[in-house]
Amino acid sequence: MPTIVEIADLKKLAQKRVPKMFFDYADSGSWTESTYRANESDFQKIMLRQRVAVDMTNRNLKTQLVGQNISMPVAIAPTGLAGMQHADGEMLAAQACEEAGIPYTLSTMSICSIEDVAAATSQPFWFQLYVMKDRGFVNSLIDRAKAAGCSALVLTFDLQILGQRHKDIRNQLSAPPRLTPKHLLQMATRPGWCLKMAGTKRHDFRNIVGHAPGVTDLSSLGAWTAEQFDPKLSWEDIEWIKERWGGPLILKGILDPDDAAIAAQSGADALIVSNHGGRQLDGARSSIQALPSIVDKVGDQIEIHLDGGIRSGQDVLKALCMGAKGVYIGRPYLYGLGALGKPGVSKVLEIIRNELDITMALCGERDVTQLGLHNIDPASEFI
Ligand code: FNR
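Thresholds applied
- Residues numbered from 1 in each chain as written.
- Predicted model: local features only at pLDDT ≥ 70, side-chain atom pairs only at ≥ 80, totals over all residues.
- UniProt positions renumbered as here; feature names shortened; annotations may be inferred.
- Pairing = 2+ DSSP bridges.
- Helix = DSSP H or I, 4+ residues; strand = E, 2+ residues; numbered from the N terminus.
- Contact = placed C-beta atoms within 7 Å.
- Axes fitted to C-alpha atoms, helices over the stretch in contact; angles between N-to-C directions.
- Parallel < 35°, antiparallel > 145°, perpendicular 65-115°, else oblique.
- Left-handed = near helix turned anticlockwise from the far one by under 90°.
- Nonpolar A, V, L, I, M, F, W, Y, C, P; charged D, E, K, R; others polar.
- Near = placed C-beta within 6 Å.
- Buried ≥ 20, exposed ≤ 12 C-beta atoms within 10 Å, placed from the backbone.

- Where an unreviewed UniProt entry is consulted, the protein appears under the name Putative L-lactate dehydrogenase (Cytochrome) protein, with the organism given as Neptuniibacter caesariensis.
- Taken from UniProt, the Cofactor (unreviewed entry) comment for the protein reads in full: "FMN".

Okay, structure coming up:
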């Protein structure tokens, strides 16, 4: 992969290899996409302090998230339909994470099932839970994640109602994807992708089909999905989910300090500062802009993670300096997956690891756990 030097190279390659409707599904935000764009561009408003003549031997990127040892402070974010970027996508991405020593988070809305990913890996992965109206099904998802040995539950709190993405509507994307002549044409221009998909049986929302009551095949899934996200989700739900799960619980989708204060008292072990990658409330703050006020409010009460807009190891470092203990990447790993499958995900992780390591050294730091506001130029925005 000599020409692949940064995440943007994998994005370009994925755009060439993945059918348009699925590439757009990943590469889109809600409405005007202003929050999606701000997630990325706001990182440029933070400047780092360059320090020199510090001994840079024996650098450390290892840390812990929710008490688990990881090789760098980066995890893969849960993303629905990852298996449509590449055949067996969730299994391949989980394998790449296992090799890299970082957590992989499987989405409720995945193509490969919890059991598929467990069979393809030997280390525990994390599972992301959407709270559906059918609480019996939610319980069964928690039980299946436990049985598969998942080591943390990521509970998504910012999707009681689905945000609207113009690109998906224009592409007539549905769950499950319903094939129109337009889609068939898009797929005909991507023969490599089609061949790989044809070679696997795992492209049928196996987490849900065959498990949720009444959802016996793909044709019954669409109506079920549209109807099942629960608008009544409340802070009280955390208690029964935590009790049933019994392991580390991470609350995803906190953007406001007042919500962070409630989250810190909820019994969760960590919260993720996140706006769902700009896919829910367009016009909301970027994640990195929201981070400082949340750190100020609850940084001494709960572990704080962040996702949204991380496109380089420099971005990772900036989030850590501003108080996140770890970050998640969503689209970058999807680009890697769409571009090259498992080697593409590994390449994304390698790029981010190298960039993080070099940036840390150029800031005059040797240990990722010692980064802080002292590494940020005071002339930066948001601090
Ligand atoms: C997501 N995200 C998401 N979150 C979640 O809790 N469950 C899910 O199923 C999904 N699905 C999903 C699909 C796609 C295509 C994307 C891009 C994102 C949100 C995701 O976990 C994360 O918050 C963002 O992706 C982080 O932003 P970046 O890294 O993509 O900029």
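## Section: the sheet that holds strand β10 (residues 326–329)
Consideration 1: Read from one edge to the other, the open sheet built from 8 strands follows the order β3-β10-β9-β8-β7-β6-β5-β4, with strand pairing classed as parallel. Every interior strand has two partners, whereas the edge strands, β3 (74–76) and β4 (105–106), have only one.
Consideration 2: Here 4 bridges tie strand β6 (residues 152–156) to strand β7 (residues 249–254), and the two strands are oriented parallel to one another. Its bridge partner lying in β7, L153 is registered against L249.
Consideration 3: In the packing of helix α13 (residues 287–298) onto the sheet, the strands contacted are β7, β8 (270–273) and β9 (303–307), and the crossing angle to β9 comes to about 170 degrees.

## Considerations on the packing of helix α1 (residues 7–17) against helix α15 (residues 331–340)
Consideration 1: Running from N to C, α1 and α15 point in directions that differ by 50 degrees, and their axes come no closer than 7 Å. Considered as vectors, α1 and α15 are oriented oblique to each other. For the element pair α1 and α15, the recorded crossing hand is left-handed. Of the residues in α15, those in contact with I7, L10, K11, L13, A14 and R17 of α1 are P332, Y335, G336, G338 and A339.
Consideration 2: Tallied by class, residues from the contact of α1 with α15 come to 7 nonpolar, 2 polar and 2 charged.

## Notes on the site of the ligand
Consideration 1: The environment of the ligand is made up of 23 residues, and the closest members are A77, G80, S107, G277 and G330.
Consideration 2: Residues belonging to the shell around the ligand are distributed by class as follows: 7 nonpolar, 12 polar and 4 charged.

## What to know about unusual backbone geometry
Consideration 1: The phi torsion at A53 lies on the positive side, around 60 degrees, for a residue other than glycine.
Consideration 2: Note on placement: A53 falls in the loop between α3 (34–41) and β1 (63–65).
Consideration 3: By C-beta crowding, A53 is classed as exposed, having 6 other C-beta atoms within 10 Å.

## Structural notes on the environment of I7
Consideration 1: One can find I7 in helix α1.
Consideration 2: In the structure, I7 is positioned 206 residues away from P213 in sequence and 40 Å away in space, judged by C-alpha atoms.
Consideration 3: Setting aside chain neighbours within four positions, we find I7 in contact with R311, S312, P332, Y335, V348 and I351.

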